[in-house]
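Each chain is listed here by its residues.
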Amino acid sequence: MSATATPSRPASAHPSAPVTTTPTAVLLATAPAEEGGPAALLPWEGGTVLGRLLDQLASLGVRTAHVVTRPAWAAAVREAGADAEVAVAEDLAADLRLVAALAADAPPGGIVLLAADVVTHREALAGLLADPRVATGVLAGGRRHGYPYAAPTRSLRGRILSAGSPFHSVRRPTGRFLSVLKVTATDRPRLTEAAERVATLTAAGLPEGWDDELGRKEAGWRGRLARAAARQEDLEASEAAGDDEPNEFAELTELDTDDDGEPEADPTAALGPEDEARLSARVAGARADALSLVVVALVRSGAHVGNSHLRRLFWARPASHAEIARASEQILDYDEDRVLLDSAVKATDGFFTTFFVSPYSKHIARWTARRGFTPNQVTIVSMALAVLAAAAFATGERWGLVAGAILLQVAFTTDCVDGQLARYTRTFTKLGGWLDATFDRSKEFIVMGGLAIGSQEDVWVLACAALTLQVVRHMADFSFAESRIETIGSTRHPPLEQPWDTATRAAASAAATPAPVPSVAPSQRVLQFWRRLDRMPAATWLKRIVAFPIGERFFVVSLTAALWDAEVTFVALLACGTFAALYQLAGRLLRSVSR
Amino acid sequence: VSAIALSPEAVARPATHGVFRDDGPFARLVGRALGRRLPVPPFALAAAGAIPLFVAIAATGDGASNALAGIVVAWFVALAGCSTGRLDHTRLRWMGTPFVRAGEYAGLIWIGSLAGASSVPAVFALLTVVAYRHYDLVYRLRIRREVPPAWVGVVAGGWDGRLVLAYLLLVVDALPAGLYVAAGLLAVVLIGETVAGWRAFLGRQGSGDVISYEDEEDEGQ
């Protein structure tokens, strides 16, 4: 049987056990294709987009799939979605009532809600459904993914602070909602409540201002199509692939122009018949977009909605035969395993780790995955290597210092492997997270002890000072992060009826104009400049080096110990660490006072 | 208090900064007696307590008299102690814990070096064990949503308790042996409790569970 045969696909290093935590899927086949009919029934490799998606979900442990569609499309959908239950709804409010009912009545477990016309890699869905770190959350792309039709979101620390929909704008978006939402079993009552809430709001016509908001977006989309036509440019070619990297790093390079990320509006631009058809299909799809309204309602009710990043996988919502043809061509260019391996590398790692360790450590991670090692085993090996390094340093001999330096670098590489292995195989455990973090600290301090023991001079005061500096820096990191989380948690969300996400409409419209707001506090201005620097990769890396993260620290230890002695090592650690501490203190003071 | 609408997160993390601080009996006592009467935000009290200590260390190094060290350390315990047990609502509340940590560790190093160079390795040993406790407080809360049992806090003594103990050991001339013994005992207790705690937790939860987020370091943010 093929299930027991030696796996031949590269991605088979992943545990293939189906996910059982999300047994129910609700697919919304309500967006129309340009040529008529639902976009979900556009052809894909002999079947349909919907059929492909249902197969992917089934392989991820989804047992029951409900497809919501319009009465006129029901027969065709039934034919395409063999085992799925098909439910018929007349309009947006009816869709939402169906979602609410399914959320209340489905068998125990989580629910995944998604647009039935999504074309993406199975691994993108697996990242959301099978990653135990994401509770209720969405599949998230970078700011330019699905641009401009996918709903924008603004996130901080992996949590959505503000979500958009066709009828809701987002100031300073950091990413986009890629039409897949997972809701855990415990959050299902909230989902029911959110869907009912939107259903009630939209039952007798849309609330005030919602049509204006969609009109504003439509004007932007129109302007974009018109400008592209004038330049004879092929929009979808760049649109589907997404030209920036969608990951957690996007949060750091948050747009800081107070822009809402929409293309420049041109409400009166004339379009050719093809573009006019394209636009009206997209607007009709937007009017039927129950999914992003549910996300807005969840976020604005205070629910914790997380992000699972698309990484560099493929994603599109084709709405015409031409776009299908393009998507099926583009998806072939992706090496799924390569993408997974690349995205096993943490996007927020330091410079040294990113450029000198991860390029080869990820291959070690893949090797360990294939040999069946667990991340915790790798973590323990790394700790053992660091103990050996400390013992070598403790000899105080030149050979010992050199051997210790090399062993420490090997230990650090191994340390990067465990995290990459965990991300690559999605084996995240609480014990693993704790061991990794605790052993990282232990390695650092045990190496300091080894160096001090082996030193010819008495460097114990320096060793104590270096340890203290590192602990205090970390405690500042933890406390600052904690106060940011408290701030996020106590944020008051605007009411669902309100199309904008700022306190007042004036703030929203001021934000939409590109002219700078005159009354900006000086600290704000410094911060804005500082964040703008992040758009230059060199500046971003420089800022990360200056923060003196673990890779840089271990590199400094190895280099100074191998070439000179322990005294030089401690002085270097203290000098770089003090500089980093002052730099971070300044940045945090600025951010604390200018909110 | 219940009139203030707190989000679920805020309720779930009642006083995270208080957990991170690792306060002991003396600080709690001072905090309860005087803290609420002082109209100064907790982080500023911690800073006002620690800064004279830093100045004294910088000015005298290992040449200070025991009396001076006693006064400066007592000032730190008293002032930073006043910030104990209160919720800090200021925007700079995140500075409280780092000041307490810096004051504690610097004070221990100073006391050790006043006893002579041979005591400083003992301080290093104690600091690694104490640092283990401080990281464990953070990681345990982040990963297991738990606080160590109260008796562990009593045994560990808190930052103030450890400073007072180290100073008493200095005065009775029991350094470095006293510090080595303290570090050894504390290490056995902390590691033993960690192992027992994880066993109990995994027994309850099973190993394949959710971790909230994995950023061990928030550098460059």
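Everything here concerns the structure above.
Here goes a summary of the coordinates provided. Since the model is a prediction, treat every value here as computed from it, not as a measurement.

1. Some remarks on the pairing of strand β1 (residues 24–29) of chain A
Residues and elements named next belong to chain A.
Right, so step 1: Within β1, 6 of the 6 residues are buried, which leaves it mostly tucked inside the rest of the structure.
Right, so step 2: Of the pairings in the sheet, the one linking β1 to strand β4 (residues 64–69) comprises 6 bridges and is parallel in character. Paired with Leu27 across the two strands is Val67, which belongs to β4.

2. What to know about helix α9 (residues 273–287) of chain A
Right, so step 1: Taking 1.5 Å per residue, 15 residues should reach 21 Å; α9(A) reaches 21 Å between its end C-alpha atoms and fits that length.
Right, so step 2: Those residues of α9(A) that sit buried are Asp275(A), Arg278(A), Leu279(A), Ala281(A), Arg282(A), Val283(A), Gly285(A) and Ala286(A).

3. Some thoughts on the pattern of salt bridges
Right, so step 1: Applying the stated rule across the entire model yields 29 salt bridges over all chains.
Right, so step 2: Linking Glu123(A) and Arg122(A) is a salt bridge whose minimum nitrogen-to-oxygen distance equals 3.5 Å.
Right, so step 3: Assessed through its relative accessible area of 4%, Glu123(A) is described here as buried.
Right, so step 4: Overall, Arg122(A) belongs to the partly exposed group, its relative accessible area being 29%.
Right, so step 5: With a closest N to O distance of 2.9 Å, Arg222(A) and Glu276(A) form a salt bridge. Taken as a pair, Arg222(A) in helix α6 (residues 210–230) and Glu276(A) in helix α9 lie far apart in primary sequence, 54 residues in all.
Right, so step 6: For Glu276(A), a relative accessible area of 31% translates into the label partly exposed.
Right, so step 7: Through salt bridges with shared partners, one network takes in Asp22(B), Arg101(B), Glu104(B), Arg133(B) and Arg162(B).

4. A look at the pairing of β4(A)
All names here are of chain A.
Right, so step 1: Most of β4 is tucked away: 5 of the 6 residues are buried.
Right, so step 2: Inspection of the sheet shows β4 paired to strand β5 (residues 85–88) by 4 bridges, in the parallel sense. For Thr69, the partnering residue across the bridge sits in β5 and is Val88.

5. A word on the environment of Ala297(A)
Residues and elements named next belong to chain A.
Right, so step 1: Inspection of the secondary structure puts Ala297 in helix α10 (residues 290–300).
Right, so step 2: Using a relative accessible area of 7% as the deciding quantity, one classes Ala297 as buried.
Right, so step 3: On a C-alpha basis, the gap between Ala297 and Ala265 in space is 27 Å, while along the polypeptide they are 32 residues apart.
Right, so step 4: If we skip the residues at most four places from it in the chain, Ala297 touches Ala194, Val198 and Leu496.

What counts as what
- Residues numbered from 1 in each chain as written.
- Chains lettered and ligands numbered in written order.
- Predicted model: local features only at pLDDT ≥ 70, side-chain atom pairs only at ≥ 80, totals over all residues.
- Heavy atoms only, no water.
- Buried < 20%, exposed > 50% of the residue type's maximum accessible area, 1.4 Å probe, protein only.
- Helix = DSSP H or I, 4+ residues; strand = E, 2+ residues; numbered from the N terminus.
- Pairing = 2+ DSSP bridges.
- Expected span 1.5 Å × (residues − 1).
- Salt bridge = Lys/Arg side-chain N within 4 Å of Asp/Glu carboxyl O.
- Contact = heavy atoms within 4.5 Å.

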